[in-house]
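Given next are the chains, with one letter for each unit.
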Amino acid sequence: MASSPCGSGNFDCGLEIKTRSVEQTLMPLVSQITTLINHKDKLKKTERTLQAIRRVGQAVSVAVGRFVAVGEAIALENEDLKEEMNLACFEARRAGTAIAQLTDVSGLDQLETDGRSTVFSDRTGMVKAARMLLSSVTKVLVLADRIVVKQVISSRNKVLVTLEQLECVSTFQEFVQIFSQFGNEMVEFAHLTGDRQNDLKDEKKKARMAAARAVLEKCTMMLLTASKTCLRHPDCESARINKDAVFHRMRCALDQVIEIVTDARPSGEAKALPDSIYAGIKDFKGKVEGLRESLCCVSPEALVAQLGALVEQTEDFTDSAYTSHEQRESILQLCHLTRQETQQLICTWTQAQSLKAKEATEEMELSILKTCQSIGELRRELHKVAVGRAGDLLKLQSDHLALQALKAAGGEGNLEAVAEYARTLTEQREQLVETCRLLCHVSGTEPLEITCIHAEETFHIIGPQIISAAQTLALHPSSKIAKENLDVFSEAWESQLCDMAVLLKEINDVFEGRRGDKRTYLSLPRPGKHLTNLKTAKAAKLDAEEQTTIAKLGLELRLLTSDVDSELERWEDQDHEIVRQSQSMSSMAYSMYLFTRGEGLLKTTLDLFHQAEVLSEQGLHLCSVLQAFSTQLLDEEKALIIPEMEKLAGACQQLQICAKTPVQGKSATFQKVDSSIQSTKGIMTVLVYLLPVCNKLVRKYRSERSSQGSPQNWRERQLSTPVKEDALNGKSSNGFGVKSLEQHMANLTFLESK
């Protein structure tokens, strides 16, 4: 519930929200209720305030009525949810009516002696009604979402029934007829699961859904050709094996989709990802760095045991027959170095505890930095080995020689040659499977880990399927259907190699600090654009001592970027210009933090200064955006923005001057690095303050616009008939009236207090 909007403030509705559509529909309501409940106890009771409150109460009552009408229509169409839905609708209607009554302050004509009065006649009643409204509306939406899940399950069940019929057909005519039906059902299932995948909040579930849908998409064509081949050659054992494998894989993928949408597994246990070295290193470093805050956050024995488990996992690299001697030695040396640094850390840690120190001593701080540096070097070496091997394999297989030779041997009816090239393909498959396993260790995110596992499984399964298809063709070399079948499986293999190349790029992007699709800027400036003042500067790298010195400053910058990102995630409008500019600035600052660790795209001090100049320009552009935004505000609201905007402009100008000032010598260069990081910290500090203030003001004005809309606007937002058949029978892409609910939810708005 922590991630759900219902957990905001004091409004815990006790329902887990798993999809973005429900969450985004509720977010405005949560925000407005929170504002309503947290209003000042005393407000000037002007005529304007009274009219606004009365208008809000009436609008809420009407909007809730329309919303409930859709919910009740859904209940009529779904007998198993009818009782729960009707109860939730009843509670929503009652809460809406209560809010309307409580905000009807027309009868309050007597002012208190100080000339001021509370705007609600019953504040406790208002809190209770608001809680009930939020809880009941959330329940209606979650119940509607369960109906969408039912749709997916029903569609899957139809596909399974037709799949069983396809598996048992004995004539081409029957197969063509049933496969036509199967194709239509798969299209419907693809649309439903695609919508669900995009709607899921959990990134791991989205990745698993994407993997399952990819299997179904590719297997549909394989099922067609494998079944046709088996019908044409009913006595061929390799054709039967080929076909059975396709049907089995489709059933597994269908089951996986249902596990994801229902959060259930046949065994009753959640499927856990295999432990990756990246995740282990991240956790290990977190515990080591946590010693700065608390000397008792972890025991020495636990730290040593965790490092031992990590070193044991590196055996996947060192025990591989495809790892070179030099790479193996480098990994072993780094493991040994990390053990040594950890032991030294434990010694200084023990000394600090014996002195009853409350925080890390200088000796312990140095040991922490060295331990993190050594484990970071180990991670980089493992990444280099895994990515290097994957790249080499993809180059080796780019011409598909073994695959082409296998297809040619099958077409010639040469079983001996098929067996020979099958062994070559099997060896390549084993290399690819192992490489996917290594990539999983260094992938950097759980969704990418899932994609690596999917790639590993795909190579593991398709390899034998290609061989069985080639054997069938060799036994029936004149069969056009057998040749077509082998072509389809070969194309699936080639397609998976292309997918692996994309996966490799994504893993590199994560490692280099490019943090996914949300970040659209280029971390490094384009050549020629920002070099005019730096042509005489000399690129250099920080040495170990300088990196140790700058590490603490870099960590502080990292924490500030995390705070900025957290504030940005709270914005409802992720396309707002303030959000987009701030996201870019945060990402640039994050790249500068990575530089202090010797990681990421910024390799030299010249790269860092280029990045600092780009960030300063982006910050000055954000100041222009804030200036334009402030023109819409009241004077007291401007007072919250303008001073901080001026601070931001000053910090950006300071960073720009620092980045453009030429320096000579090692000491001066390091001082410039230090100043650049300090100035960037100042910029991030101002952003951390500005973002929540701007977010609140943006939501306030959007709320007032929606709450003070004319009656005609309210009518225009209403559907012509909430119980229209196509909104309830599943033909809509949202299914079962969920879109109607979302549209009516837009009307559940409150006036924010001033």
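Residues numbered from 1 in each chain as written. Predicted model: local features only at pLDDT ≥ 70, side-chain atom pairs only at ≥ 80, totals over all residues. Heavy atoms only, no water.

Honestly, the overall build of the protein chain in this entry has me stumped. Any pointers?
A tally of regular secondary structure across the protein chain gives 23 helices and 0 strands. Buried positions account for 51% of the 754 residues belonging to the protein chain. For the protein chain, the exposed surface amounts to about 35,600 Å²; the carbon and sulfur share of it is 52%. (Helix = DSSP H or I, 4+ residues; strand = E, 2+ residues; numbered from the N terminus. Buried < 20%, exposed > 50% of the residue type's maximum accessible area, 1.4 Å probe, protein only. Areas by Shrake-Rupley, 256 points an atom, 1.4 Å probe, with all protein chains shown as cover.)

What is the right way to look at the packing of helix α7 (residues 237-262) against helix α15 (residues 446-475) in this model?
Each pair of packed helices can be described by the angle between their axes along with the distance between the axes. Put simply, α7 and α15 touch, their axes get as near as 8 Å, and they point 155 degrees apart. Taken together, the axis directions place α7 and α15 in an arrangement best described as roughly antiparallel. Read as a crossing pair, α7 and α15 show a hand that is left-handed. Within the contact between the two elements, α7 uses S238, A239, N242, A245, V246 and R249 and α15 uses H454, E457, T458, I461, I462, Q465, S468, A469, Q471, T472 and L475. Taken together, the residues that form the contact of α7 with α15 break down as 7 nonpolar, 8 polar and 2 charged. (Axes fitted to C-alpha atoms, helices over the stretch in contact; angles between N-to-C directions. Parallel < 35°, antiparallel > 145°, perpendicular 65-115°, else oblique. Left-handed = near helix turned anticlockwise from the far one by under 90°. Contact = heavy atoms within 4.5 Å. Nonpolar A, V, L, I, M, F, W, Y, C, P; charged D, E, K, R; others polar.)

How should I be thinking about the packing of aromatic side chains in this particular structure?
Centre distance and the angle of the planes are the two values used to describe a pair of aromatic rings. In the structure shown here, the tally under the stated rule is 4 aromatic pairs. Plain terms: the ring middles of F179 and F182 are 5.7 Å apart, the flat faces sit at 40 degrees to each other, and that makes the pair tilted. On the criterion of helical spacing, the pair formed by F179 and F182 is a turn pair, its members being 3 residues apart in helix α5 (residues 172-199). Comparing F179 with F182, the two get one shared label, buried. (Phe/Tyr/Trp six-rings, centres within 6.5 Å; stacked < 30°, edge-to-face > 60°.)

Can you walk me through the side chain of Q496 in this structure?
Turning to its location among the elements, Q496 is positioned in helix α16 (residues 480-511). A polar side-chain atom of Q496 sits 3.4 Å from a polar atom in the side chain of K218. Non-local contacts of Q496, meaning those with residues more than four positions away in its chain, are made with K218, H454, A455, T458 and F459. (Polar contact = N/O pair within 3.5 Å; in protein donor to acceptor, adjacent residues only side chain to side chain.)

I tried to follow the pattern of salt bridges on my own but got confused; where do I start?
Any two side chains of opposite charge can pair if their charged atoms end up close together. Applying the stated rule across the entire model yields 26 salt bridges. Between E167 and R251 there is a salt bridge, with its nearest N and O atoms 2.6 Å apart. Taken as a pair, E167 in helix α4 (residues 123-168) and R251 in helix α7 lie far apart in primary sequence, 84 residues in all. Classification of E167 by relative accessible area gives partly exposed; the value is 26%. On the basis of relative accessibility, which here comes to 23%, the residue R251 falls in the partly exposed class. Taking the shortest distance from any N to any O, the salt bridge between E434 and R389 comes out at 2.7 Å. (Salt bridge = Lys/Arg side-chain N within 4 Å of Asp/Glu carboxyl O.)

I'm lost on helix α19 (residues 605-630) in this one. Help?
Residues spaced three or four apart along an α-helix face the same direction, because each turn holds 3.6 residues. A rise of 1.5 Å per residue sets the reference length of α19, with its 26 residues, at 38 Å; its end C-alpha atoms lie 37 Å apart and thus fit the reference within 8%. Across the 26 residues of α19, 20 count as buried, placing the element largely inside the fold. (Expected span 1.5 Å × (residues − 1).)

Any chance you could explain the packing of helix α6 (residues 203-232) against α15 here in plain terms?
Taken N-terminus to C-terminus, the directions of α6 and α15 make an angle of 10 degrees; their axes are 9 Å apart at the nearest point. By the angle between their directions, the pair α6 and α15 is classed as roughly parallel. Contact residues: α6 offers E203, K204, A207, R208, A211, A214, V215, M222 and T229, while α15 offers E446, P447, I450, H454, I462, Q465 and T472. Its residues placed into classes, the contact of α6 with α15 shows 8 nonpolar, 4 polar and 4 charged.

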